[in-house]
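# A closer look at the structure
Given next are the chains, with one letter for each unit.
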Amino acid sequence: MLELTQRHITYLWEYLPKMDALLTEAAPESPEAAEENVFLGVEKDTDGRLIVYGTLDPEYTDDSSPVYIRITDSRYISDYEAFPVGYKKVGGELSLTEDEKQEEQRIDKLFEKSGYNKKDYQFGMYISPENLEQGECSFEIITEKDGVYYTTGNIHTYINE
């Protein structure tokens, strides 16, 4: 078992684990608002689960800080802890809109200038749409740096059908 784990350990930091993110109560209720340079995308996997993924702003998070995704639907506010690894679509490209592609390119340029490694600031998680109410759901990212929690505010809207 140990040998099998050692041979595949790089998979754990290269690919998002295909398991639903866990609800958490660790996210603060009222983090500080910040104008972050972040990207958050949501798409459906072939099995129907939602993949929430993106890139964080190094100014408002450490490379070892937890990443919380707060999802607000018509009835609930739910916090999930995302995995500290980006989403790579195996065997294909991500289905980004033109606006999302431009935003991702803008963030790529910021990382090139900053000297930070973008891979250290990516996150991802799976969630079943059954865990969300029907209709509009908004997403926000909550991060922490030097003991202070920050929020992006609602930066993405998804219609759960």
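The following refers to the structure shown. (Residues numbered from 1 in each chain as written. Predicted model: local features only at pLDDT ≥ 70, side-chain atom pairs only at ≥ 80, totals over all residues. Heavy atoms only, no water.)

## Focus on the overall build of the chain
Keep this limit in mind: Helix numbering and strand numbering both begin at the N terminus, where a helix is a DSSP run of H or I of at least 4 residues and a strand a DSSP run of E of at least 2. Think of it in three bands: residues with accessible area under 20% of the maximum for their type are buried, residues over 50% are exposed, and the middle band is partly exposed, with areas taken using a 1.4 Å probe on protein chains only. What makes two residues a contact is simply this: any of their non-hydrogen atoms within 4.5 Å. All accessibility values rest on the Shrake-Rupley procedure with a 1.4 Å probe; residue burial counts only the protein chains present in the view.
Per the secondary structure count, the chain includes 3 helices and 9 strands. Secondary structure of the chain in N-to-C order comes out as α-α-β-β-β-β-β-α-β-β-β-β. For the chain, the proportion of its 161 residues judged to be buried stands at 44%. Nonlocal contacts in the chain, meaning residues at least 24 apart in sequence, comprise 74% of its contacts between residues at least 6 apart. Carbon and sulfur atoms make up 48% of the accessible area of the chain, which amounts to about 9,700 Å² in all.

## Section: the side chain of serine 128
With respect to the helices, strands and loops of the structure, serine 128 is situated in the loop between strand E6 (122-127) and strand E7 (135-145). Not counting chain neighbours up to four residues away, the residues in contact with serine 128 comprise Asp20 and Arg49.

## Here's the deal with the nonpolar core
Rule in force here: Throughout this description, the term nonpolar core refers to a set of buried Ala, Val, Leu, Ile, Met, Phe, Trp, Tyr and Cys residues connected via side-chain atoms within 4.5 Å.
In terms of nonpolar packing, the biggest core is built from 21 residues, with Val52, Ile69, Ile71, Phe123 and Phe139 touching the most fellow members. Among the elements of the structure, strand E2 (39-44), strand E3 (50-55), strand E4 (68-72), E6 and E7 are those that each provide at least two residues to this core. In this structure isoleucine 69 touches Leu40, Val52, Ser78, Asp79, Tyr80, Ala82, Phe123, Met125, Phe139, Glu140 and Ile141, once residues within four positions along its chain are discounted. In terms of nonpolar packing, the next biggest core, distinct from the first, is built from 8 residues, Tyr53, Tyr87, Ile107 and Tyr126 among them.

## Quick word on the sheet that holds E6
Formally: Only when DSSP finds a minimum of two bridges between them are two strands counted as paired. Axis definition: a line fitted to C-alpha atoms, over the contacting stretch in the case of helices. Angles run 0 to 180 degrees between N-to-C directions.
Strand order in the open sheet formed by 3 strands is E2-E3-E6, and the pairing between neighbours is antiparallel. Pairing within the sheet leaves two strands with one partner each, and these edge strands are E2 and E6. Ignoring strand direction, the axes of neighbouring strands in this sheet form an average angle of 15 degrees. Relative to E6, E3 runs antiparallel, the two sharing 6 bridges. When the bridges of E6 are listed, isoleucine 51 appears paired with tyrosine 126.

## Quick notes on the pairing of E3
Among the 6 residues in E3, 6 count as buried, and that is most of the element. Going residue by residue along E3, you find Leu50, Val52 and Gly54 tucked away on one face and Ile51, Tyr53 and Thr55 tucked away on the opposite face as well. When E2 meets E3, the two strands line up antiparallel, connected through 6 bridges. Considered in E3, the bridge of valine 42 is made with valine 52. Between E2 and the antiparallel strand that follows it, E3, lie 5 residues; glycine 48 among them carries a positive phi value of about 95 degrees.

## Focus on the pattern of salt bridges
Applied cut-off: Here a salt bridge means any side-chain nitrogen of Lys or Arg lying within 4 Å of a carboxyl oxygen belonging to Asp or Glu.
Summed over all chains, the structure comprises 5 salt bridges. We note a salt bridge from glutamate 133 to arginine 75, for which the minimum N-O separation is 3.9 Å. You can see glutamate 133 sitting in the loop between E6 and E7 and its partner arginine 75 sitting in the loop between E4 and strand E5 (77-81), a full 58 residues away along the chain. When its relative accessible area of 58% is taken as the criterion, arginine 75 is described as exposed. Sharing partners across several salt bridges, the network here consists of Asp20, Asp47 and Arg49.

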